[in-house]
Amino acid sequence: MMQGGAQTPLQHLTTLLGADCIVTEPTALEAVNIDQLRTYRGRALCIALPRSTADVSRLLKLCNALRIPVVPQGGNTGYCGAATPDASGTQVVLSLRRLNAIRSVDPANYSMVVEAGCILADVQRAAATAERFFPLSLGAEGSCQIGGNLSTNAGGVNVLRYGMMRELTLGLEVVLADGRVLSSLTALRKDNTGYDLRQLFIGAEGTLGVITAASLKLFPAPRASATAFVAIPDPERAVQLLSHLREASGDQVSSFELIPAVALELVTRHIPGARRPLDADSPWYVLCELTSPRVGEPLEHRLEDALAEAMERGLATDAVLAQSERDRREFWQLRENIPHSQRLEGMSLKHDVSIPIDRLPRFVARASAWLETHVAEGFLVCYGHVGDGNLHFNLNERRGVPPGTLAARREEIRRIIHNLVQDEGGSFSAEHGIGQSKLAELQHYADPVELNLMRTLKRTLDPNGILNPGKVLNVA
Ligand code: FAD
Ligand code: 2HG
Ligand code: ZN
């Protein structure tokens, strides 16, 4: 308790928003204090649960005046500890979950306006109800929020065709650190009126403002699809197969995911009911999907023909097409369950990297060779959105090694892998962001001019450093 009748930060917050908007209950705090990968544990002062943009505005104004740090948190599914408070017990976790209205769906304009706390799957459903399609799709879609998707510039399995969250956003409503509201929920496709400010907040991981709503792009709903599970000899053939399928299908490939044999083995071992789609063993597989908004479009024939030709050319060795929606779901379950199976298998190190697609096979060969020679305590589980040049170049701890042996080499291994990524012209953070886990990597690999500009932006938009301090950048 503060002396002289002065209120504590908690009392200020409670007076401002009301007791029903401030949570200090230990079980609730426990859930927000730990990140998705259980790498970081903080201690929040409280959880603030505003009911409206106006509430968020009043909250930030107060926090800015009192220098109370604020950590926005969506579904807490992020991979970089970006939504986890520090251990000081002074930071407010700002949850947007009550801001979960679909404000409008405009089918004629192919757009919708949603609040930041909407769960991604609910946004997809609202679009589908209006016979439209919101393409962002990822394994955590049942719990991640649009605000989190925007703030991490999420990718997922449809980027090849539709782009990342950045490309799917028409406008934003953002509360700035001082409480001012930047409202630009435009549905315009063309708007060259000065700087494109919305792009500053997308991918900023809550360090530049709090997103409260977004205007999103919609697309015609897919009415036909064809999905195949394809055995391939190596990543080089995956890259060639992608080009072949894009050409042969008239660029109708919407997903193209690389799956190594070891990932399939993990999933079929750990996930009840998961079964291998192909009998013969192969070192690598691709899960690919063609989609079209045209009813009755013969995509299956097209994919079958293209795959037959691919086999003749040695790009694939075997393939099976989904014969039903159930088959299709089963194929996708195999892919989406890889992260979960990795977790069930044990401790893992994650590297979310992207490489120009033509150099990707060489990166895989070089990095795998290094691991084989130098990292006996782990095995490689390299999978992901190969169509976007984005691989999850992950390592799992080998059974039988003393627990923690692989984790102890985290920094050393990551530096070597990221150096190889840099050498091949790639990025050490393709879709998961920086948060706190890759802060040192950004400092190490970013161009000094770029870093300097980032810091200038941070200081300009958040001069008191109250927004998600210690994430993305260290600002002195
Ligand atoms: P959180 O984890 O809560 O927060 C992430 C960041 O956003 C934090 O910096 C937080 O402060 C900030 N933030 C949250 N809401 C706001 C807001 N309203 N305003 C300002 N800042 C805010 N990611 C991919 O890109 N592609 C994938 O394929 C993918 N697959 C995944 C599969 C699984 C099984 C899991 C567990 C995660 C996966 N992810 C993937 C990672 C994660 O789901 C995404 O990063 C997602 O976008 C995070 O959303 P969230 O609501 O959980 O955000
Ligand atoms: C995916 O593509 C996610 O499944 C998670 O981005 C990747 O767990 C991972 O490393
Ligand atoms: Zn991914």
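Everything discussed here concerns the structure shown above.
All values reported here derive from a predicted model rather than from experimental measurement.

Cut-offs used in this document
- Residues numbered from 1 in each chain as written.
- Chains lettered and ligands numbered in written order.
- Predicted model: local features only at pLDDT ≥ 70, side-chain atom pairs only at ≥ 80, totals over all residues.
- Heavy atoms only, no water.
- Core = buried A, V, L, I, M, F, W, Y, C linked by side-chain atoms within 4.5 Å.
- Buried < 20%, exposed > 50% of the residue type's maximum accessible area, 1.4 Å probe, protein only.
- Helix = DSSP H or I, 4+ residues; strand = E, 2+ residues; numbered from the N terminus.
- Arc of directions from axis to C-beta.
- Contact = heavy atoms within 4.5 Å.
- Phe/Tyr/Trp six-rings, centres within 6.5 Å; stacked < 30°, edge-to-face > 60°.
- Near = heavy atom within 4 Å.
- Polar contact = N/O pair within 3.5 Å; in protein donor to acceptor, adjacent residues only side chain to side chain.
- Areas by Shrake-Rupley, 256 points an atom, 1.4 Å probe, with all protein chains shown as cover.
- Nonpolar A, V, L, I, M, F, W, Y, C, P; charged D, E, K, R; others polar.
- Pairing = 2+ DSSP bridges.

(A) Structural detail: the nonpolar core. The biggest cluster of nonpolar side chains holds 52 residues, and the ones touching the most others in it are Leu94, Phe134, Ile146 and Leu216. A total of five residues in this core trace back to one element, the largest contributor, which is helix α3 (residues 53–66). Judged by nonpolar contacts, the second largest core, of 45 residues, contains Ala228, Ala238, Val375 and Ile413.

(B) Highlighting helix α12 (residues 338–345). Turning to α12, its buried residues are Ile338, Ser341, Gln342 and Glu345. Buried positions in α12, seen along its axis, are confined to an arc of 105° and lie on one side of it. On its buried face, α12 sits against β13 (253–260), α9 (261–270), α11 (325–336), β16 (348–349), β18 (378–385) and β19 (390–397). Just downstream of α12, Gly346 is the residue with a positive phi angle, here 145°.

(C) Seen up close, the packing of aromatic side chains. Using the criterion set out here, one finds six aromatic pairs in the structure. Ring centres of Tyr162 and Phe219 lie 4.8 Å apart, and the angle between their planes is 70°; on these two criteria the pair is classed as edge-to-face. Taken together, the residues Tyr162 in helix α6 (residues 159–162) and Phe219 in strand β11 (residues 219–220) connect sequence positions 57 residues apart. Taken together through their ring pairs, the aromatic side chains of Phe133, Tyr162 and Phe219 make up a single cluster.

(D) Structural view of the site of ligand 2. Lining the immediate surroundings of ligand 2 are Tyr79, Arg335, Pro339, Lys350, Tyr383, His385, His392, Asn394, Glu431 and His432. A distance of 2.6 Å separates an oxygen atom of ligand 2 from a polar atom in the side chain of Arg335. Within the side chain of His432, one N or O atom sits 2.8 Å away from an oxygen atom of ligand 2. When ligand 2 sits alone it has 300 Å² of accessible area, and the protein chains cover 89% of it. Contributing elements (two or more residues each) for the shell around ligand 2: β18 and β19. Of the residues that constitute the shell around ligand 2, the class distribution is three nonpolar, four polar and three charged.

(E) Up close: unusual backbone geometry. For Arg67, which is not glycine, the phi torsion reads 60° and is therefore positive. Its place among the elements puts Arg67 in the loop between α3 and β3 (70–73). With a phi angle near 55°, Glu205 is a residue other than glycine that sits in the positive phi range. With respect to the helices, strands and loops of the structure, Glu205 is situated in the loop between α7 (198–201) and β10 (210–217).

(F) Quick peek at the pairing of strand β14 (residues 284–292). In terms of burial, β14 is a largely internal element, nine of the nine residues being buried. Covered by surrounding structure in β14 are Trp284, Val286, Cys288, Leu290 and Ser292 together with Tyr285, Leu287, Glu289 and Thr291, the residues of both alternating faces. Here strand β12 (residues 224–232) pairs with β14 via nine bridges, running antiparallel. By the bridge assignment, Ser225 is partnered in β14 with Thr291. One ladder, built from seven bridges, connects β13 with β14; its direction is antiparallel. For Pro260, the partnering residue across the bridge sits in β14 and is Trp284.

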